[in-house]
Amino acid sequence: MCYFTKTSYDYKNRYFVTGSLRTDGSSRLAADKRCGTFLSGGLAWVISREEFLSSVSHWLNNLKLKASYGELGNDNIGSYYGYQAFYGAGGNYYGTFGMVPTQLANPSLKWETNINRKIGVLLGLF
């Protein structure tokens, strides 16, 4: 089962907070590892809207400081059933028909999580 929630809040159109929580599922992974939970969040401060910068507002249109953190899941492991072992027919064991492993089982496969962190400044003049 997959879930997604997102929330955002701003105070006085100057301070901003956002966050999200996401749970994804994948049949490419073993049953006890199918779900992956990923978080993200961000903060922003529009400094140019503060009172202490009102004297320069005629040339400083926008000054914003922002930071974010995000996790992204990846289940693209190249095989649809990488957690299971597969065998193929046709192995030749000294002239006798046999089965050979074509894929070893890996029940420890889990979601790959990529993490992004960013800090930035936006500046608008005149």
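In this text the structure is predicted, and so the values were computed from the model without any measurement.

How each quantity is defined
- Residues numbered from 1 in each chain as written.
- Predicted model: local features only at pLDDT ≥ 70, side-chain atom pairs only at ≥ 80, totals over all residues.
- Heavy atoms only, no water.
- Salt bridge = Lys/Arg side-chain N within 4 Å of Asp/Glu carboxyl O.
- Helix = DSSP H or I, 4+ residues; strand = E, 2+ residues; numbered from the N terminus.
- Buried < 20%, exposed > 50% of the residue type's maximum accessible area, 1.4 Å probe, protein only.
- Phe/Tyr/Trp six-rings, centres within 6.5 Å; stacked < 30°, edge-to-face > 60°.
- Lys NZ or Arg CZ within 6 Å of the ring centre and 35° of its normal.

> So what's going on with the pattern of salt bridges? Which residues, and what values?
Inspection of every chain in the model, using the stated rule, returns 2 salt bridges. The partner of Arg 14 in a salt bridge is Glu 50, and the shortest N-O contact between them spans 3.2 Å. Of this pair, Arg 14 sits in the loop between strand S1 (3–11) and strand S2 (15–25) while Glu 50 sits in the loop between strand S3 (35–46) and strand S4 (60–74), placing them 36 residues apart in sequence. Taking the relative accessible area as the measure of exposure, Glu 50 reaches 9% and is therefore buried. Across the pair Arg 22 and Asp 24 runs a salt bridge, and its minimum N-O distance is 3.0 Å.

> Give a detailed account of the packing of aromatic side chains, specifying residues and quantitative values.
Applying the stated criterion to the full structure yields 3 aromatic pairs. With a centroid separation of 5.5 Å and 70° between ring planes, the pair formed by Phe 38 and Trp 111 is classed as edge-to-face. Here the residue Phe 38 occupies a position in strand S3, and Trp 111 occupies one in the loop between strand S6 (96–103) and strand S7 (112–125), the gap between them amounting to 73 residues. The exposure classification of Phe 38 matches that of Trp 111, with both residues buried. With a centroid separation of 6.5 Å and an interplanar angle of 70°, the aromatic rings of Tyr 81 and Tyr 83 are classed as edge-to-face. Judged by its relative accessible area of 40%, Tyr 81 falls in the partly exposed class. Between Lys 64 and the ring centre of Phe 16, over which it is positioned, the NZ or CZ distance is 6.0 Å.

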